[in-house]
Amino acid sequence: MLYKRNEYFRYTFEEPFEATFRLIKDASETSPEEISKKGNCKMIDISPKGVKMYSELLIAIDKLNHVELQFQLDEEPIQIIGEFIWSRRQKEGFEYGIRLMGDEVSESLIISELKSRRKKELELKK
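Rules of the game
Residues numbered from 1 in each chain as written. Predicted model: local features only at pLDDT ≥ 70, side-chain atom pairs only at ≥ 80, totals over all residues. Heavy atoms only, no water. Helix = DSSP H or I, 4+ residues; strand = E, 2+ residues; numbered from the N terminus. Expected span 1.5 Å × (residues − 1). Buried < 20%, exposed > 50% of the residue type's maximum accessible area, 1.4 Å probe, protein only. Arc of directions from axis to C-beta. Polar contact = N/O pair within 3.5 Å; in protein donor to acceptor, adjacent residues only side chain to side chain. Contact = heavy atoms within 4.5 Å. Salt bridge = Lys/Arg side-chain N within 4 Å of Asp/Glu carboxyl O. Phe/Tyr/Trp six-rings, centres within 6.5 Å; stacked < 30°, edge-to-face > 60°. Lys NZ or Arg CZ within 6 Å of the ring centre and 35° of its normal. Core = buried A, V, L, I, M, F, W, Y, C linked by side-chain atoms within 4.5 Å. Pairing = 2+ DSSP bridges. Axes fitted to C-alpha atoms, helices over the stretch in contact; angles between N-to-C directions.

*Asks:* Give me the lowdown on helix H1 (residues 104–125), citing residues and values where you can.
*Replies:* With 22 residues, H1 extends 32 Å from end C-alpha to end C-alpha; this agrees with the ideal 32 Å at 1.5 Å per step. Residues of H1 that are buried include every one of Ser-106, Glu-107, Ile-110, Glu-113, Leu-114 and Arg-117, and no others. One side of H1 carries all its buried residues, which in axial view fall inside an arc of 130°. Opposite the buried face of H1, by more than 90 degrees, sit the exposed residues Glu-104, Val-105, Lys-115 and Lys-119.

Quick look at the structure:
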């Protein structure tokens, strides 16, 4: 069996948690131009390089493929830009796969916040 050593872990939440998103025009600009108001979504899972989210809204990801996500895993609020990779219809909404366009700093923040969150979750179960 071959292993991809550079591939990150993916953490699936026991209960999807609330986050917000807004669609942006172009992620390559220094200040992304907003083209939508904030919408609510739920984070299903996360890795330092990607997110799976759920929303009741249908997003035409072939036309609007950049998104800004805002969420808080533990203590630090995180705001990061991503790119829609896929979408899947569900019974009452849509799941979206998003590739995060962060740097090493944002990846490290996600990892440390996940560790802290998981540690607290385990302490509560005791």
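So, next bit.
*Asks:* Provide a residue-level description of the side chain of Arg-22, including the pertinent values.
*Replies:* Mapping Arg-22 onto the fold places it in strand E1 (residues 11–24). A polar contact of 2.6 Å, which involves the side chain of Arg-22, links it to the side chain of Glu-68.

*Asks:* Can you break down the side chain of Gln-70 residue by residue, with the values?
*Replies:* One can find Gln-70 in strand E4 (residues 66–72). Separated by 2.9 Å, the side chains of Gln-70 and Lys-38 make a polar contact. A polar side-chain atom of Gln-70 sits 3.4 Å from a polar atom in the side chain of Gln-79. Non-local contacts of Gln-70, meaning those with residues more than four positions away in its chain, are made with Ala-19, Thr-20, Lys-38, Ile-78 and Gln-79.

*Asks:* Before we move on, could you go through the pattern of salt bridges and cite the residues and values that matter?
*Replies:* For the coordinates displayed, the defined rule picks out 11 salt bridges. Of the charged contacts in the structure, one is a salt bridge between Arg-22 and Glu-68, with a shortest N-O distance of 2.6 Å. Separated by 46 residues along the polypeptide, Arg-22 in strand E1 and Glu-68 in strand E4 bring together distant segments of the chain. Just as Arg-22 is buried, Glu-68 falls in that class too.

*Asks:* I'd like to hear about the packing of aromatic side chains, residue by residue, with values.
*Replies:* For any pair of aromatic rings, geometry is given as the distance between the ring centres together with the angle between the planes. If you walk through the whole model with that rule in mind, you get 4 aromatic pairs. For the ring pair Phe-94 and Tyr-96, a centre distance of 6.4 Å and an interplane angle of 35° mean the geometry is tilted. Taken together, Tyr-11, Phe-13 and Phe-17 form an aromatic cluster joined through their ring pairs. For the cation-ring pair, Arg-117 lies above Phe-17, with the distance from its terminal atom to the ring centre recorded as 4.8 Å.

*Asks:* For the nonpolar core, give the residues involved together with the corresponding values.
*Replies:* If you look at the biggest cluster of nonpolar residues, it comprises 26 residues, and the most contacted ones within it are Met-43, Ile-46, Met-53, Leu-69, Phe-71, Leu-73 and Phe-84. Mapped by element, the contributors of at least two residues to this core are E1, strand E2 (39–47), strand E3 (50–55), E4, strand E5 (77–90), strand E6 (93–100) and H1. With 6 residues, E1 is the largest single contributor of residues to this core. In this structure, Met-43 is in contact with Phe-13, Pro-16, Phe-17, Ala-19, Val-51, Lys-52, Met-53 and Phe-71, ignoring residues within four places of it in sequence.

*Asks:* So what's going on with the sheet that holds E1? Which residues, and what values?
*Replies:* If you trace the 6 strands once around the closed barrel, you get E1-E2-E3-E6-E5-E4, paired in antiparallel fashion. Ignoring strand direction, the axes of neighbouring strands in this sheet form an average angle of 45°. With 7 bridges connecting them, E1 and E2 associate as antiparallel partners. The residue of E2 that forms the bridge with Ala-19 is Cys-41. Sitting on the sheet, H1 touches E1, E2, E4, E5 and E6, and the angle it makes with E1 is about 140°.

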